[in-house]
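# Structure at a glance
So the chains spell out like this:
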Amino acid sequence: MGSKGLSSRLSHGEQLLRELEAAGCLHAVQLGETRHEGGLGVFATRHIAAGEPILQCPVCVLLRPPAEHALEEAIAAFSARSGIRVDERMQVQLMLLFERHRARLGATAGVMSSYINSLPGSDLVDSLPLSWHHKDLHRRARGTALLSDVTTMREHLHALSLAIKSHGDLFGDMLGEVNVNDLMWAQAIFWSRAIVLDLPKRTECLVPLLDMCNHRAGSASELRVVGSIFELRAGRSLRSGDEVCINYGAKGNAELLRCHGFVVPDNPAEVCPLMLSRLAPSGLTQADRDDRLRRVGKGRLRDRIFLFRGGLPETLLPVARVMCVSEEEDLIAAEDALCGRAAAGAAAAASTDKSLSTEFVTFDWSSVDWTKDDPFGGCDAVEEEAPISSSGERRTLEALLVLLREGENAMGRLSAVEEQQLTEVRLNFSAGLESRGGDREADLAALVYRDGQRSLLREARERIQSRLDWLLGLANMPLGQDDDASVRHDEGEGSRKRQYDSVTTNADAKGVDVGHDANSSKATAAPLCTL
């Protein structure tokens, strides 16, 4: 950002502070230039003790889904006529465009007008993969989920733009002339700044001033709503002049790059999606493939799992077996084991009053105990014995190896130049690398992201290969020695030594003193943008 643009945003930010004070906001902060790529930050104006409020503001200043508002009626009519579902996230984005249009017309004043003026412009969108030229996107994100996610997001936004234009009479002059660039800007603002508050329903909002706080791994500031006030309390003692930072949470580099425009080298929270539906034997009809997916669904699981550092997801093999096996007896056994796992999980969840909605659908960060030396230990359950035949298990493991190798190959091999670039990035940008600034920065950020995806696929492949080697060795072992071998294999898996000194510094949810995204105040992006 140029000095002129920074000066303008700083001036608008100071005006926002004055408007917030007039609206009843109490705070001990000021805005200023931060070391984060020459952007703005929030700084303490005095000593603030740990646990003391940093800011307290009325919830009426929040930008949230419209309720009892003319825009709410227009959105409902638009959805009914166009057939496009506009979820609460997109409602906030349309509300943002509504307020921006009013500010441009001079029809609004106070907090919201100042807030709109304080927001970044197209420079934010320019830093995100959403704005990359399609050739650059394919080059930088080749072979990754980011490529399909961003492509689908663009298609959704183009479809929404055309639908708004076709049914513009429903909105009148509430939004002004909206094109796809406006929708991209609103989406970039939302995903880079939205924060979850209990109002009392958990709601993703845009929070003036608070969303100007930059990210710092390990920040333990506490955000909560008390009556009609939301407040941020210091997680540690702050001196006058210290920057007030909050944590974006345990997020992989795909989400950080797509929503925030930066990546973290060797990110301990990195995850890599893997589509196990691709494991289905090539000879299956579409009806048979659908039947296997239905069987997976009976176990409250999906065919998309997430690889993570330090172990194999406990749902990987159960789902893979259902998708891979060729014998009916093995298929029944694999399905029974999968459903039994789901029943056991349901009983455990019921005993602790936890919902099944995330535990059996996607990787659930709330299952990770970040206080342990081995946080992922409980997530990497290795069965003592496969529920299917040895030939069925071998087929499953070999198919997984092929799938993982294909994933690595799709991203291509690192060149010597790229290896050197990664080494330099790790030395100079260990806390994070922003994609804004030009093609070189975007190329490096994408390189860091692809390298993290590749390392997760490689680690999973090595673990699967180890399990296959053990299975083949067991098959060739003299009778009577297989029990001892099984014990040794399980002990080997259970005794792995992994270092997670940096994990807890990256795992605190944004603005909340917890260690996982399940309770994070920062909006966690879905793999795809749903309209």
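Notes on the structure in this doc start here. (Residues numbered from 1 in each chain as written. Predicted model: local features only at pLDDT ≥ 70, side-chain atom pairs only at ≥ 80, totals over all residues. Heavy atoms only, no water.)

All right, on to the pattern of salt bridges then. Side chains that differ in sign of charge can pair as their charged atoms come close. Taken as a whole and assessed by the stated rule, the structure comprises 30 salt bridges. One salt-bridge network, in which partners are shared between bridges, spans Asp-136, Arg-139, Arg-140, Asp-439 and Asp-443. (Salt bridge = Lys/Arg side-chain N within 4 Å of Asp/Glu carboxyl O.)

In this model, Leu-199 is joined to Pro-200 through a cis peptide bond whose omega is -5°. As for its position among the elements, Pro-200 is in the loop between β5 (195-198) and β6 (202-205). Positive phi outside glycine occurs at Glu-68, with the angle close to 50°. Considering the arrangement of structural elements, one finds Glu-68 in the loop between β4 (53-58) and α2 (70-82). Accessibility expressed as a relative area gives 82% for Glu-68, which makes it exposed. (Helix = DSSP H or I, 4+ residues; strand = E, 2+ residues; numbered from the N terminus. Buried < 20%, exposed > 50% of the residue type's maximum accessible area, 1.4 Å probe, protein only.)

What follows deals with the pairing of β6. Two strands pair when backbone bridges link them, and β5 and β6 are joined in this way by four bridges, in the antiparallel orientation. Within β6, the position partnered with Val-196 by the bridge is Glu-204. Once β5 ends, the chain turns through three residues before running back antiparallel as β6. (Pairing = 2+ DSSP bridges.)

A complete count under the given rule lists one disulfide for this structure. The disulfide partner of Cys-25 is Cys-57, and the S-S distance across this bridge is 2.2 Å. Separated by 32 residues along the polypeptide, Cys-25 in the loop between α1 (3-22) and β1 (26-27) and Cys-57 in strand β4 bring together distant segments of the chain. Grouping residues by exposure puts Cys-25 and Cys-57 together as buried. Cysteine Cys-245 remains unbridged, with the sulfur of Cys-213 as its closest cysteine sulfur at 7.3 Å. Its relative accessible area of 7% is what places Cys-245 among the buried residues. (Disulfide = S-S within 2.5 Å.)

Glancing now at the environment of Ala-70. Structurally, Ala-70 is set in helix α2. Spatially, the C-alpha atom of Ala-70 lies 8.8 Å from that of Met-174, the residues being 104 residues apart in sequence.

Another point: the side chain of Arg-154. Mapped onto the elements of the fold, Arg-154 is located in helix α7 (residues 145-166). This buried residue, Arg-154, is left without a salt bridge; Asp-136 holds the nearest opposite charge, at 8.4 Å. With sequence-adjacent residues up to four places away left out, Arg-154 is seen in contact with Pro-129, Leu-130, Ser-131, Trp-132, His-133, His-134, Leu-137 and Met-184. (Lys, Arg positive; Asp, Glu negative; His and termini not counted. Contact = heavy atoms within 4.5 Å.)

Strands sit in the order β1-β4-β9-β8 across an open sheet of four strands; the sheet is antiparallel. Strands at the two margins of the open sheet, each flanked by one partner only, are β1 and β8 (222-226). In this sheet, strand β9 (residues 229-233) lies alongside β4 in antiparallel orientation, the contact comprising five bridges. Note on β9: the bridge partner recorded for Leu-55 is Leu-232.

In this structure the tally under the stated criterion is two aromatic pairs. An angle of 50° between the planes, with centres 5.5 Å apart, marks the rings of Phe-78 and Phe-171 as tilted. With a gap of 93 residues between them, Phe-78 in helix α2 and Phe-171 in the loop between α7 and α8 (180-193) connect regions that are remote in the sequence. Across the pair, exposure class does not vary: Phe-78 and Phe-171 are buried alike. (Phe/Tyr/Trp six-rings, centres within 6.5 Å; stacked < 30°, edge-to-face > 60°.)

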